[in-house]
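Understanding the architecture of this molecule
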Amino acid sequence: MKNKGLEYCGFYAFARPNLILLDPELIKAILSKDFQHFTDRGFYINEKVDPLSAQLLTLKGLQWKLRRNKISPTFTSGKVKMMFETLLNCTKELKVLMNDFAENHQVLDVKNILGRFTTDVIGSCGFGIECNSLRNPDSEFMKYGKKAFGEGTWDHLKNSVSLLSPKLFDIFKIPLNNPEVIKFYMNTVKETLRYREENNVVRKDFMHLMIQLKNNVKIENDDNLGELRSKESGNTMSLTDDQIAAEAFVFFFAGYDTSATTLSFCFYELASNVEIQENLRNEIKNVLAKYEGRLTYDAIMEMTYMDKCIRETLRKYPPVPAVVRTCTKRYKIPNANVVIEEGVTVYVPILGIHYDSEYYPNPNKFDPERFSSENKSERQYTWLPFGEGPRVCIGMRFAQMEVKVCLATLLQSYKFSVNPKTQIPIVFEPTSLLLAPKGRIWLNVEKFK
Ligand code: HEM
């Protein structure tokens, strides 16, 4: 369609019209400039039968705006920095496991191991609990996590129908999440809240910040922890326990697989491009030497080549291949005689844009220099792994820090190469909502002496 010079095109899903945006200027208009016409995603939501369904990803209009304003101070650079230590703690088990793999010459199923790492990270930083998925892949948290994503054909069908026809779910009052999953996450969060409040426990994580929101504590953009309760009340609208549980759940739902996918593809590309892996390792070593070998937030922030490698990974492998908006107020496309009616679903095909040779010549090549400082400014609205506009991914900074900490930890001590069991070239799984390879990515890991 793009080759035909089109800026947008449409299709019907049953009787519902859908629009696909192809032009960066139009994408900018719809995601950012004229956002008030496209405030929602149109996902299913029913707080009564499924309290976990009402969170940032799904909320609509004013409800979403109020919640986003409320939660945003917990994701600032200051607060992400505050959580660095908690995140770093999760790498201890990762190092132990990687050592075992290297010493026993075992082949690494990279998504499995890094998925367990990102589960531990969200468990620790989001829910405030040590879920030990790296040590124990059958941990409760992992078990219900898998259930939350859907395990069988029925779950996948249910997810697809909820996207195509959320009204049907509403009419029959169907909870989207499995009732066992709802019970597990609600209980886990409520138990943590009760324990912390009764015992005045403070911990450097999102749960602490959400308890502060519940208690009307004003959250500043610094790396201080702050009290659980405050005499001065800074906020006028606090969070309820159910809302905290729903938000912690969405941090897991939106953050675990996306981060694990980014890491897996990044390690795959580094394993396939020995020189790039070596350049990145040198950067890590040089920066850490300045910090007496200590991996700190400031050290991570200095690793600019690493930043380019991650950006290029997210370009070639955006974990969310398309973002979606529903038209909430009739909209005339600028300079065209076309009106988007209320209710129409609009898609931004991120994966397609990232492989468009007009923006990225030779798109299959993994080339971190596409994101050098000279080239970076050209990438607005053609590099969209976190979406854009007021509904851009709220966890973007946190996710980038998590990926960087994992890369710095492992590349310092281990060398990775692709095992022949991996199917090359990578083919994407067509039935998966999030980007996933067909088959697994297998890597060899070797420890430096
Ligand atoms: C590399 C990792 C990640 C990627 C690629 C990613 C990508 C995205 C994308 C594409 C969106 C939709 C944006 C839009 O519609 O314009 C989104 C939304 C969201 N993400 Fe992420 N995400 C990542 C990690 C995380 C993490 C770690 C968290 C939480 C800790 C998180 C929480 C959310 C939430 C809550 C939303 C909904 C925001 C709203 O509508 O206000 N994400 N993410």
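Since the structure is predicted, the reported quantities are computational estimates derived from the model, not experimental observations.

Strands sit in the order S1-S2-S7-S4 across an open sheet of four strands; the sheet is mixed. Each edge of the open sheet carries a strand with a single partner, namely strand S1 (8–13) and strand S4 (323–326). For this sheet, the mean angle separating the axes of adjacent strands, direction not counted, is 25°. Strand direction decides the pairing type here: S1 and strand S2 (residues 16–21), joined by six bridges, are antiparallel. Across the sheet, the residue bridging to Tyr12 is Pro17, located in S2.

Looking now at the nonpolar core. Grouped together as the largest cluster of nonpolar side chains are 128 residues, with contacts concentrated most on Tyr185, Phe267, Ile340, Phe398, Leu407 and Phe416. In this structure, Phe267 is in contact with Val110, Leu114, Cys406, Leu407, Leu410, Leu411, Phe416 and Leu443, ignoring residues within four places of it in sequence.

Turning to the coordination of the iron atom of the ligand, a few remarks are in order. Of the protein atoms, Cys393 (SG) alone serves as a donor to the iron atom of the ligand, at 2.3 Å. Relative to the elements of secondary structure, Cys393 occurs in the loop between helix H17 (373–376) and helix H18 (396–413).

The end-to-end C-alpha separation of helix H5 (residues 91–103) is 18 Å, in line with the 18 Å expected for 13 residues at 1.5 Å each. Inspection of H5 places Thr91, Leu94, Leu97, Met98, Phe101 and Ala102 among the buried residues, and these make up the whole buried set. For H5, the buried positions fall inside an angular range of 140° around the axis, keeping them on one side. Facing away from the buried surface of H5 by more than 90 degrees, the exposed residues are Lys92 and Glu103. In this structure, the buried residues of H5 make contact with helix H4 (84–89), strand S3 (108–109), helix H6 (110–127), H18, strand S8 (414–418) and strand S9 (442–447).

Time to look at the site of the ligand. Taken together, the neighbourhood of the ligand is formed by 27 residues, with Arg41, Trp64, Arg68, Arg325 and Cys393 sitting nearest. At 3.3 Å, a backbone N or O of Glu388 approaches an oxygen atom of the ligand. Take Arg391: an N or O atom from its side chain is 2.9 Å from an oxygen atom of the ligand. Put simply, the parts of the chain that give the shell around the ligand at least two residues each are helix H2 (61–71), helix H12 (241–272), S4 and H18. Counting residues per element, the shell around the ligand draws most heavily on H12, which supplies seven residues. Class assignment for the residues of the shell around the ligand results in 16 nonpolar, six polar and five charged.

Further remarks concern the UniProt feature "binding site: heme" (unreviewed entry) in the protein chain. Residues given the UniProt feature "binding site: heme" (unreviewed entry) here are Cys393. Judged by relative accessible area, which is 33%, Cys393 ranks as partly exposed. Setting aside anything within four residues of it in sequence, one finds Cys393 in contact with Arg68 and Phe386.

Here we come to helix H13 (residues 274–290). With 17 residues, H13 extends 25 Å from end C-alpha to end C-alpha; this agrees with the ideal 24 Å at 1.5 Å per step. Within H13, the full set of buried residues consists of Ile276, Gln277, Leu280, Arg281, Glu283, Ile284, Val287 and Leu288. Considered in projection along H13, the buried side chains sweep an arc of 160° and stay on one side of the axis. For H13, exposure combined with an orientation more than 90 degrees from the buried face picks out Val274, Glu275, Asn286, Ala289 and Lys290. Of the surrounding secondary structure, the elements contacted by the buried residues of H13 are H12, helix H14 (297–301), helix H15 (304–316), H18 and S8. Positive backbone phi, approximately 50°, marks Glu292, located one or two places after H13.

By the secondary structure assignment, Ser133 is in the loop between H6 and helix H7 (140–149). Owing to a relative accessible area of 0%, Ser133 belongs among the buried residues under this scheme. The residues contacting Ser133, other than those within four sequence positions of it, are Arg116, Thr119, Asp120, Ser139 and Met142.

Let's shift gears to the packing of aromatic side chains. All told, the structure shown has 26 aromatic pairs when counted by the stated rule. Centre to centre, the rings of Phe127 and Phe141 are 5.1 Å apart; their planes meet at 80°, and the pair counts as edge-to-face. Of the two residues, Phe127 is situated in helix H6 and Phe141 in helix H7; the sequence distance between them amounts to 14 residues. Looking at Phe141, the relative accessible area reads 2%, which means it is buried. A ring pair is formed by Trp383 and Phe386, whose centres lie 6.4 Å apart and whose planes are at 70°; its orientation type is edge-to-face. In this pair, the class of Trp383 matches that of Phe386, namely buried. Three or more aromatic residues joined by ring pairs make a cluster, and in this case those are Phe127, Phe141, Tyr144, Phe184, Tyr185, Phe249, Phe252, Phe253 and Tyr256.

Reading across from one edge, S3-S9-S8 is the order of the three strands in this open sheet, with antiparallel pairing throughout. Taken across any chain shown, the strands that pair with only one partner, and hence form the sheet edges, are S3 and S8. Summarising the sheet, S3 and S9 pair through two bridges and their orientation is antiparallel. From the neighbouring strand, Leu108 faces S9, where its bridge partner is Leu443.

Looking now at the packing of H13 against H15. Relative orientation of the contacting elements H13 and H15 amounts to 140°, with a least axis distance of 8 Å. Comparing the axis directions of H13 and H15 gives the class oblique. Facing Ile276, Asn279, Leu280, Glu283 and Ile284 of H13, the residues of H15 in contact are Thr304, Tyr305, Met306 and Cys309. Class assignment of the residues belonging to the contact of H13 with H15 gives a composition of six nonpolar, two polar and one charged.

Interhelical geometry of H15 versus H18 gives an angle of 115° and a closest axis separation of 11 Å. In this structure, H15 crosses over H18, and the sense of that crossing is right-handed. Here Met306, Asp307 and Ile310 of H15 lie close against H18, whose contacting residues are Val403, Lys404, Leu407 and Ala408. Looking at side-chain class alone, the contact of H15 with H18 contains five nonpolar, no polar and two charged residues.

Calculation notes
Residues numbered from 1 in each chain as written. Predicted model: local features only at pLDDT ≥ 70, side-chain atom pairs only at ≥ 80, totals over all residues. Heavy atoms only, no water. Pairing = 2+ DSSP bridges. Helix = DSSP H or I, 4+ residues; strand = E, 2+ residues; numbered from the N terminus. Axes fitted to C-alpha atoms, helices over the stretch in contact; angles between N-to-C directions. Core = buried A, V, L, I, M, F, W, Y, C linked by side-chain atoms within 4.5 Å. Buried < 20%, exposed > 50% of the residue type's maximum accessible area, 1.4 Å probe, protein only. Contact = heavy atoms within 4.5 Å. Donors = N, O, S within 2.8 Å, 3.2 Å for Na, K, Ca; no water. Expected span 1.5 Å × (residues − 1). Arc of directions from axis to C-beta. Near = heavy atom within 4 Å. Polar contact = N/O pair within 3.5 Å; in protein donor to acceptor, adjacent residues only side chain to side chain. Nonpolar A, V, L, I, M, F, W, Y, C, P; charged D, E, K, R; others polar. UniProt positions renumbered as here; feature names shortened; annotations may be inferred. Phe/Tyr/Trp six-rings, centres within 6.5 Å; stacked < 30°, edge-to-face > 60°. Parallel < 35°, antiparallel > 145°, perpendicular 65-115°, else oblique. Left-handed = near helix turned anticlockwise from the far one by under 90°.

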